[in-house]
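# Structural characterization, general
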Amino acid sequence: MREVAVIGVGMTKFGELWDTPLRDLFAIASANCIEDSGVERDRIQSAYIGCMSSGLFNQQEHLASILCDYAGLAGIAATRVESACASGGLAFRSAYLEVASGASDFVLAGGVEKMNDGADATFCLASAADQEYEVYHGITFPGLYAMIAHAHMAKYGTTSEQLAHVAVKNHRHGAKNPNAQFPMEITLNTVLNAVRVASPLGLFDCSPVTDGGACVMLCPVEEAKKLGKPIIKVIGSGHATDSIALHDRPDLTTIPVVKAAAERALAQAKIGIKNVDFCEVHDCFTIAELCCLEELGVFERGQAAQATVDGATSLDGKMPVNTSGGLKSKGHPVGATGIAQIIELVEQLTGKAGARQLLSPSIGLAQNMGGSGGSSTVHILEVS
Amino acid sequence: MITPRYHREIPQRYRLEAGKCTGCGKVHFPPRRVCKECFGREFETVTMPTMGKVLTYTVIDIPPAEFDNLKPYVVAIVELENGVRLTCMVAEAPPDKVEIGTKVEMIYRRLQTGREWEVLQYGYKARVI
């Protein structure tokens, strides 16, 4: 396999973008990305675009073709990738594998979701769970993570206040991100007193409903050197699946698919989690960030909550987590999220993260998850 | 929900029928064509026990539109006496009567009214005992 680099990034602002249709979200992100990469249009051979549910959200399928057409890229090989909320991460992995294999040199990895287009977002998102044996019985996505949270509280003594610290921390980071949907700081009381969605989770334990697009350009390291770009190398790519029904998992406080994907990515990179300087994890709900950190091995099981309270995951902590603001503050346009995580890694590794810049990090990890843990990708990027 | 889909799920929804692998004995609910444990393909139909306990739960305050008339309601993961787990509503109890470990029994109830052209949708719920 060839070594692969990320040589350009572009995204839209995340938010309620009432004036921007689905097709424009990708067009803006890809045009920004191509401009940033310095690659001429004719050299781009292929695109992989993550989108969870344009059929339910926008009544639009056949997505890769229409998006590439409106992005000025009609003619290239384009593929829509779906793995619920991990669609973006999986699009990145698909593009990575195509370049690594030698099949193509310049490949776009993008992600989009237009969630504010009139559809019932709770209904659309629930389609990432088991329709016949979970959704039929009235469960929602906040409800699935609420059941994980109750199990975690019973086993480890995790509290609602500890969960609230995750949201407060991510908003503190997101306040420094100009592309974030909700770039404002919040207090513990805001989180704890918010309207309940699915107990024990309230509105501020949940990531928002968001429109957005994101795109990155991949190519062989050799081509990146010819273009004189900083070399941001993909050193690990892991992907795993599991049962999508939460009730089929042996321990309801764990999300084994994250551990499996991380082990594959870390093995490829030939490093341990201790060598990672910062990470973006899938905080679709506050409890999810804690579970993911425990699966990645950043903290022992049951320890992530107190570590968050103690500041270990803040910008100045020993493992900064979700420096972008995470899904909670930056926003969660589901198909775009996995790509936006990669963009944050690239911006941190190239020193372009502005007010949230870490002190010269060299290795970053992005973990993107589908559903309640039915799929996950993990990618590790290194600057050299 | 279209009628053929509803019809094919009646053995599970009305009678709690599961598939027991004749190779390794693993009970699958819903039934599967391939055993998750031993990769076997032969199954016998078994009926699940109706008694169980709550492993975890939530109170849904913001439901999808089709459940709006029921809010707030409790959804739980229930482990039945044979070790099989399923997700269902807990009926006939105020939300504060349900916690981890609460003993429940499975009952048959209407779950969704559906849109006017759809069949009424029935199935299992749990109730506190």
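Residues numbered from 1 in each chain as written. Chains lettered and ligands numbered in written order. Predicted model: local features only at pLDDT ≥ 70, side-chain atom pairs only at ≥ 80, totals over all residues. Heavy atoms only, no water.

All names here are of chain A. Position of Ser207 relative to the elements: it lies in the loop between β6 (201-202) and β7 (211-220). With a relative accessible area of 16%, Ser207 lands in the buried category. When the C-alpha positions of Ser207 and Lys330 are compared, they lie 8.8 Å apart, and in sequence the two are 123 residues distant. When sequence neighbours within four positions are dropped, the list of residues in contact with Ser207 reads Asp283, Cys284, Leu327, Lys328 and His332. (Helix = DSSP H or I, 4+ residues; strand = E, 2+ residues; numbered from the N terminus. Buried < 20%, exposed > 50% of the residue type's maximum accessible area, 1.4 Å probe, protein only. Contact = heavy atoms within 4.5 Å.)

Turning our eyes to something else, we now look at the pattern of salt bridges. Once their charged atoms are close, side chains differing in charge can pair, the charge on each being opposite to the other. Going through the model one piece at a time under the given rule, you end up with 28 salt bridges over all chains. A salt bridge links Lys225 of chain A to Glu222 of chain A; its shortest N-O distance comes to 3.8 Å. Separated by three residues within a single helix, Lys225 of chain A and Glu222 of chain A lie in helix α9 (residues 221-226), roughly one turn from each other. One network of salt bridges, with partners in common, ties together Glu132 of chain A together with Arg5, Arg8, Glu9 and Arg13 of chain B. (Salt bridge = Lys/Arg side-chain N within 4 Å of Asp/Glu carboxyl O.)

It is worth spelling out the environment of Glu347 of chain A at this point. Residues and elements named next belong to chain A. Along the chain, Glu347 turns up in helix α14 (residues 334-349). Taking the C-alpha atoms as reference points, Glu347 and Glu82, 265 residues apart in sequence, are found 26 Å from one another. Among all residues touching Glu347, those that are not within four sequence positions of it are Val9, Lys352, Ala353, Arg356 and Gln357. Side chain to side chain, Glu347 and Arg356 meet in a polar contact 3.2 Å long. (Polar contact = N/O pair within 3.5 Å; in protein donor to acceptor, adjacent residues only side chain to side chain.)

This brings us to unusual backbone geometry. Residue Pro200 of chain A is reached from Ser199 of chain A by a cis peptide bond, and omega for that bond is 10°. Secondary-structure assignment places Pro200 of chain A in the loop between β5 (196-199) and β6. Cis geometry marks the peptide bond from Lys71 of chain B to Pro72 of chain B, where omega comes out at -10°. Its identity is not glycine, yet Asn322 of chain A carries a phi of approximately 60°, on the positive side. One can find Asn322 of chain A in the loop between α12 (304-309) and α13 (326-330). Overall, the relative accessible area of 0% leaves Asn322 of chain A in the buried class. Positive phi, normally seen in glycine, also occurs at Phe39 of chain B, with a value near 70°. Tracing the backbone shows Phe39 of chain B in the loop between β2 (27-28) and β3 (43-47). The class for Phe39 of chain B is exposed, based on a relative accessible area of 68%.

Once that is clear, we can look at the packing of aromatic side chains. Tallied over the entire structure, the rule returns eight aromatic pairs over all chains. Both rings, one in Tyr14 of chain B and one in Tyr108 of chain B, keep their centres 5.0 Å apart while their planes meet at 70°; by these two values the pair is edge-to-face. One end of the pair, Tyr14 of chain B, is in helix α2 (residues 10-15); the other, Tyr108 of chain B, is in strand β7 (residues 103-112), and 94 residues separate them in sequence. The partly exposed category is assigned to Tyr14 of chain B, whose relative accessible area is 32%. Note on Tyr108 of chain B: relative accessible area 38%, which makes it partly exposed. Grouping aromatic residues by their ring pairs yields a cluster made of Tyr6, Tyr14, Tyr108 and Tyr122 of chain B. Sitting over the face of the ring of Tyr70 of chain A, Arg23 of chain A holds its NZ or CZ atom 4.5 Å from the ring centroid. (Phe/Tyr/Trp six-rings, centres within 6.5 Å; stacked < 30°, edge-to-face > 60°. Lys NZ or Arg CZ within 6 Å of the ring centre and 35° of its normal.)

All names here are of chain B. Domain assignment breaks chain B into domain 1 (1-48) and domain 2 (49-129). Taking only C-alpha atoms into account, the centre of domain 1 sits 20 Å from that of domain 2. With eleven residues of domain 1 in contact, the opposing surface of domain 2 contributes 15 residues. Carbon and sulfur atoms supply 66% of the area that domain 1 and domain 2 bury against each other, a total of about 1,200 Å² over both sides. By the criterion of area lost to domain 2, the three top residues of domain 1 are Met1, Tyr6 and Met48, representing 46% of everything that side buries. Taken together, domain 1 and domain 2 are joined by zero salt bridges. Our enumeration of links across domain 1 and domain 2 arrives at two residue pairs in polar contact (both at pLDDT 80 or more). With three residues, the top contributor of residues to the side of domain 1 that touches domain 2 is α2. Looking at the side of domain 1 that touches domain 2 residue by residue, the class counts come to seven nonpolar, three polar and one charged. (Domains from an automatic or database assignment. Buried area = accessible area lost by both parts, 1.4 Å probe. Nonpolar A, V, L, I, M, F, W, Y, C, P; charged D, E, K, R; others polar.)

This part is about the domain arrangement of chain A. Residues and elements named next belong to chain A. With domains assigned, chain A is organised as domain 1 (4-120 + 209-232) and domain 2 (138-192 + 235-383). One C-alpha centre belongs to domain 1, the other to domain 2; they are set 22 Å apart. Of all residues in domain 1, Phe14, Cys85 and Ile232 give up the largest surface area on contact with domain 2, accounting jointly for 25% of the area buried on that side. Joining domain 1 to domain 2, the criterion identifies zero salt bridges. Our enumeration of links across domain 1 and domain 2 arrives at 14 residue pairs in polar contact (both at pLDDT 80 or more). Looking at the side of domain 1 that touches domain 2, the elements that each hand over two or more residues are β1 (4-11), α4 (87-100), β4 (107-114) and β7.

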